[in-house]
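# A closer look at the structure
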2 protein chains.
Amino acid sequence: MKVWYRCSRCGYTTEASSWLWRCPKCGGPLDLIIDSLKLTLSERRDLWRFSSVIPARPVVTLGEGYTPLINASFLGKNTYLKLEYLNPTGSFKDRGSAVAVSKALEFGANTVVEDSSGNAGISIAAYAAAAGIRARIYVPKDAPEGKKSLIRSLGAELIEASSRAEAGRLAIESVRPGEAYIGHAWNPWFLQGTKTLAYELLDQLGHAPDAVILPTSAGTLLLGLWIGFNELLSLGLINKVPRLYAAQAQGFASLYEKIHGDYVREPARLADALRVSNPPRIEQMVKAIRWSNGDVLVITDDELLQSWKFLLRRGFIVEPSSAIALSGYVKLRENNYLGDDEDVVIILTGSGLKYIDIMSKI
Amino acid sequence: MKVWYRCSRCGYTTEASSWLWRCPKCGGPLDLIIDSLKLTLSERRDLWRFSSVIPARPVVTLGEGYTPLINASFLGKNTYLKLEYLNPTGSFKDRGSAVAVSKALEFGANTVVEDSSGNAGISIAAYAAAAGIRARIYVPKDAPEGKKSLIRSLGAELIEASSRAEAGRLAIESVRPGEAYIGHAWNPWFLQGTKTLAYELLDQLGHAPDAVILPTSAGTLLLGLWIGFNELLSLGLINKVPRLYAAQAQGFASLYEKIHGDYVREPARLADALRVSNPPRIEQMVKAIRWSNGDVLVITDDELLQSWKFLLRRGFIVEPSSAIALSGYVKLRENNYLGDDEDVVIILTGSGLKYIDIMSKI
């Protein structure tokens, strides 16, 4: 498999033979171009079932991927729930981490560096631990205490920054030779992990869904789905890309603003995993929404809280930020954006077990 | 599939056409006898892949079973880790709950009643929620706060008792017509869920392992494995039952005492999920250990803490009670109970995400 980096901004192209997380010419986000893609399913029932389309070897794995796809009835309609919160560290981020950390190891890194609002930090810390290399994780100081403790317990060095944006700046500045900056919001290898979700949905459903609803902040899941479904289209395995619906938290709805205009409101507090203000891949995210004929939905804390309680009371132990996708579903259903016979998948991205200390307060 | 209850104590046998959790004649634990067992694997990749040997329909499911089996090197030897903590509510208990709650529904129950040190309560609460019936859960008042909050958030009624034993007494006394007492330590249907782990290990490995090491308190996992492997033996699919090694927490080592004599020591505190003093199926547990040529190991808090930290620092986010199985492995390896070429599986039973609030204190 031959692989190139290509800058999504200036078009600069170079062989992917060393670790890059952004364009060395213009600083833009990089895509990965894979020569003569072919899909051969392996016998495995994890992310590496799709090894033939992943440009990395499974150097480190914790059993990521192949999460349950469950049938549920919401608002009287049959719907699918994809339980990404059952990944090894409790979030879909494990797909990206498994591939990105495997690749960093392949390129000889002795340390991985990440900035995160929590889940990506936990995930990268766990994969670094599994790989036996060091991890240095920068988080905003108001990240949930439990998530910070877990990152430390996984053996990573944890550094608290004054804000989410500051965590990113400090992480990038800190990187020394031999260290690989993951930066999941930038990293093209990370998206090669999250793209497997598209392949997996096809594998589990037997056909592509009509619509997928997902929480969105930095866009790693949205773009993974976009890449994956487009690859499936180019392979002739599906006829069209499903409509991608991004649910965003009020106050952190940069994608909504970019598509529908300004929407500055009081920031939501419950969706702590979605607090990204300037996603570097925003232009690509806009394309994924527009070209898939999808849309963006902005969700308030009140709506999110209602969805969170609803999911818990049906046995789905998700985190608040995940419940936002159900709020998106409700809005779409109420406004007749979803056909009665359409196959709709709601992605439940993160585990509520990380939040049991605050559950007594809701 | 024709199914009978048979009392393991007095031999009383009756058709399994209504809900029983213990013998109506002598109060002993019931076994389920299945007529003309046949194994046909379904296409599903969850517990119901083994539907042909489960005497219940999948009335309620949250995606339980088919958890990852990971290769790891411990003490310089290749070993398998079975990640049961990635089940839907974060413990292997979900196997038993899915089958037991499905069966309770089939028999018309409107409420399930359970007593638990935490994980079984969470699991039963979640499956009741998914099924749309009520759950009433009795826990000792010193169960972890997070676990209690989660049980409430899942919509169950939570009742705190003065001790683990008192929780059991209160639960049993409380049961009214139309309600099904699960009582996982007693319940024969619950074991029909946990037995699938034996089938799954065979399915994933391609052959039976030589030895399985697992945390043990009430014996639901030990007996599930014992039943499952014996069924596989009777089906001619394996040649012998793997040696079953039960790791118990100091002070709650009733199985060890029964086999090796008295062992009264200061109770361990960290293994909160393993605090059962008088398991009702103790005679069967003794047989499972003896007849499989296995053994029982008693683990101290210090040993457990070391194993817990070790697993976390390799990216396995388990709860303290799960780490006890690794401590058992270390003792077995050090004392040459495990052959160099043997396939050894360590079962990691519960999720550490339920403990992130206490991780900062270790």
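Bear in mind that the values here come from a model prediction, so they are computed numbers and not experimental data.

### Some points on the overall build of chain A
A tally of helices and strands in chain A yields 12 helices and 13 strands. For chain A, whose C-alpha radius of gyration is 19 Å, the value lies close to the compact-globule estimate of 21 Å for 362 residues. Counting only C-alpha atoms, chain A reaches 55 × 45 × 40 Å along its principal axes. When each of the 362 residues of chain A is scored for burial, the buried share is 58%. Counting only contacts in chain A whose residues sit at least 6 apart along the sequence, the fraction spanning at least 24 positions is 69%.

### Topic: the pairing of strand β5 (residues 77–83) of chain A
Residue and element names in this part refer to chain A. Two strands pair when backbone bridges link them, and strand β4 (residues 69–74) and β5 are joined in this way by six bridges, in the antiparallel orientation. Each residue of the ladder has a partner; that of Ile70, found in β5, is Leu81. With four bridges joining them, β5 and strand β13 (residues 344–348) adopt parallel strand pairing. Bridging across to β13, Lys82 finds its partner in Ile347.

### Some points on the sheet that holds strand β5 (residues 77–83) of chain B
All names here are of chain B. Taken together, the six strands give an open sheet; going across it, the order is β4-β5-β13-β10-β11-β12, and neighbouring strands pair in mixed fashion. Only two strands of the sheet have a single partner each, and these edge strands are β4 (69–74) and β12 (295–299). Taking each pair of neighbouring strands and ignoring which way they run, the sheet shows an average axis angle of 25°. When strand β11 (residues 243–249) meets β12, the two strands line up parallel, connected through five bridges. Bridge pairing in β12 links Ala246 to Val296. Each of β10 (211–215), β11 and β13 (344–348) is contacted by helix α7 (residues 220–234), which is oriented at about 175° to β11, the strand it contacts most.

### Quick look at the relation of the copies chain A and chain B
You can overlay chain A on chain B at an RMSD of 0.0 Å; the transform is a turn of 180° with a shift of 0.0 Å along its axis. Both copies of the chain, as the preceding transformation shows, are related through a two-fold rotation axis. In this assembly the copies share their binding face: 100% of the residues contributing to the interface of chain A also contribute to that of chain B.

### Thoughts on the interface of chain A and chain B
For an interface, size is often stated in terms of accessible area lost upon the parts coming together. Taken together, the contacts link 34 residues of chain A with 34 residues of chain B. For the side of chain A that touches chain B, the elements supplying multiple residues, two or more each, are α2 (119–131), α3 (145–153) and α12 (356–359) of chain A.

### Digging into the domain arrangement of chain A
Its domain assignment divides chain A into domain 1 (1–36), domain 2 (69–89 + 190–359) and domain 3 (93–188). A C-alpha centroid distance of 27 Å is found between domain 1 of chain A and domain 2 of chain A.

### Observations concerning the packing of helix α6 (residues 196–205) of chain A against helix α7 (residues 220–234) of chain A
Residue and element names in this part refer to chain A. Where α6 contacts α7, the two axes come as close as 6 Å, and the packing angle between them is 55°. As far as their axial angle goes, α7 and α6 are oblique. Facing α6, whose interface residues are Thr196, Leu197, Ala198, Tyr199 and Leu202, α7 presents Gly224, Leu225, Gly228, Phe229 and Leu232. Residue composition of the contact of α6 with α7, grouped by class: seven nonpolar, three polar and no charged.

### A word on the environment of B:Ile356
Secondary-structure assignment places B:Ile356 in helix α12 (residues 356–359). Separated by 171 residues in sequence, B:Ile356 and B:Ala185 have C-alpha atoms that sit 27 Å apart. With residues near it in sequence (within four places) discarded, B:Ile356 still touches A:Gly146, A:Ser149, A:Leu150 and A:Lys354.

### Examining unusual backbone geometry
A negative phi holds for most residues other than glycine; trans holds for most peptide bonds. Of note, A:Asn336 is a non-glycine position whose phi angle comes to about 55°, a positive value. Considering the arrangement of structural elements, one finds A:Asn336 in the loop between α11 (320–334) and β13. A:Asn336 sits in the exposed class, given 8 other C-beta atoms within 10 Å. A positive phi is found at B:Leu75, a non-glycine position, where the angle reads about 50°. When you line up the elements, B:Leu75 lands in the loop between β4 and β5.

### Considering helix α11 (residues 320–334) of chain B
All names here are of chain B. With 15 residues, α11 ought to run about 21 Å at 1.5 Å a step, and its terminal C-alpha atoms sit 21 Å apart, in line with that. Every buried residue of α11 is accounted for by Pro320, Ser321, Ser322, Ala323, Ile324, Ala325, Leu326, Ser327, Gly328, Tyr329 and Leu332. On its buried side, α11 packs onto β4, β10, β11, β12, α10 (301–312) and β13. A positive phi of about 60° marks Asn336, the residue just after α11.

### Structural notes on the nonpolar core
Grouped burial of nonpolar side chains is what soluble globular proteins tend to show. Counting 234 residues, the largest nonpolar core has A:Val101, A:Ala125, A:Ile213, B:Val101, B:Ala125 and B:Ile213 as the members making the most contacts within it. Setting aside residues up to four positions removed in sequence, A:Ala125 forms contacts with A:Ala135, A:Ile137, A:Ile151, A:Leu154 and A:Ala156.

### Section: the environment of B:Ala100
Residues and elements named next belong to chain B. With respect to the helices, strands and loops of the structure, Ala100 is situated in helix α1 (residues 93–106). On a C-alpha basis, the gap between Ala100 and Val60 in space is 9.8 Å, while along the polypeptide they are 40 residues apart. Sequence-distant contacts of Ala100, that is, excluding residues within four places in its chain, are made with Ile182, Asn187, Trp189, Phe190 and Gly193.

### Concerning the packing of α7(B) against helix α9 (residues 282–291) of chain B
Residue and element names in this part refer to chain B. Packing of α7 against α9 leaves a shortest axis separation of 10 Å and a crossing angle of 55°. Taken together, the axis directions place α7 and α9 in an arrangement best described as oblique. Between α7 and α9 lies a crossing of left-handed hand. Together, Leu222, Leu223 and Trp226 of α7 and Gln284, Met285 and Ala288 of α9 make up the contact between the two elements.

Rules and cut-offs
- Residues numbered from 1 in each chain as written.
- Chains lettered and ligands numbered in written order.
- Predicted model: local features only at pLDDT ≥ 70, side-chain atom pairs only at ≥ 80, totals over all residues.
- Helix = DSSP H or I, 4+ residues; strand = E, 2+ residues; numbered from the N terminus.
- Rg over C-alpha atoms; globule rule 2.2 N^0.38 Å.
- Buried ≥ 20, exposed ≤ 12 C-beta atoms within 10 Å, placed from the backbone.
- Contact = placed C-beta atoms within 7 Å.
- Pairing = 2+ DSSP bridges.
- Axes fitted to C-alpha atoms, helices over the stretch in contact; angles between N-to-C directions.
- Least-squares fit on C-alpha atoms with pLDDT ≥ 70 in both.
- Domains from an automatic or database assignment.
- Parallel < 35°, antiparallel > 145°, perpendicular 65-115°, else oblique.
- Nonpolar A, V, L, I, M, F, W, Y, C, P; charged D, E, K, R; others polar.
- Expected span 1.5 Å × (residues − 1).
- Core = buried A, V, L, I, M, F, W, Y, C linked by C-beta atoms within 7 Å.
- Left-handed = near helix turned anticlockwise from the far one by under 90°.

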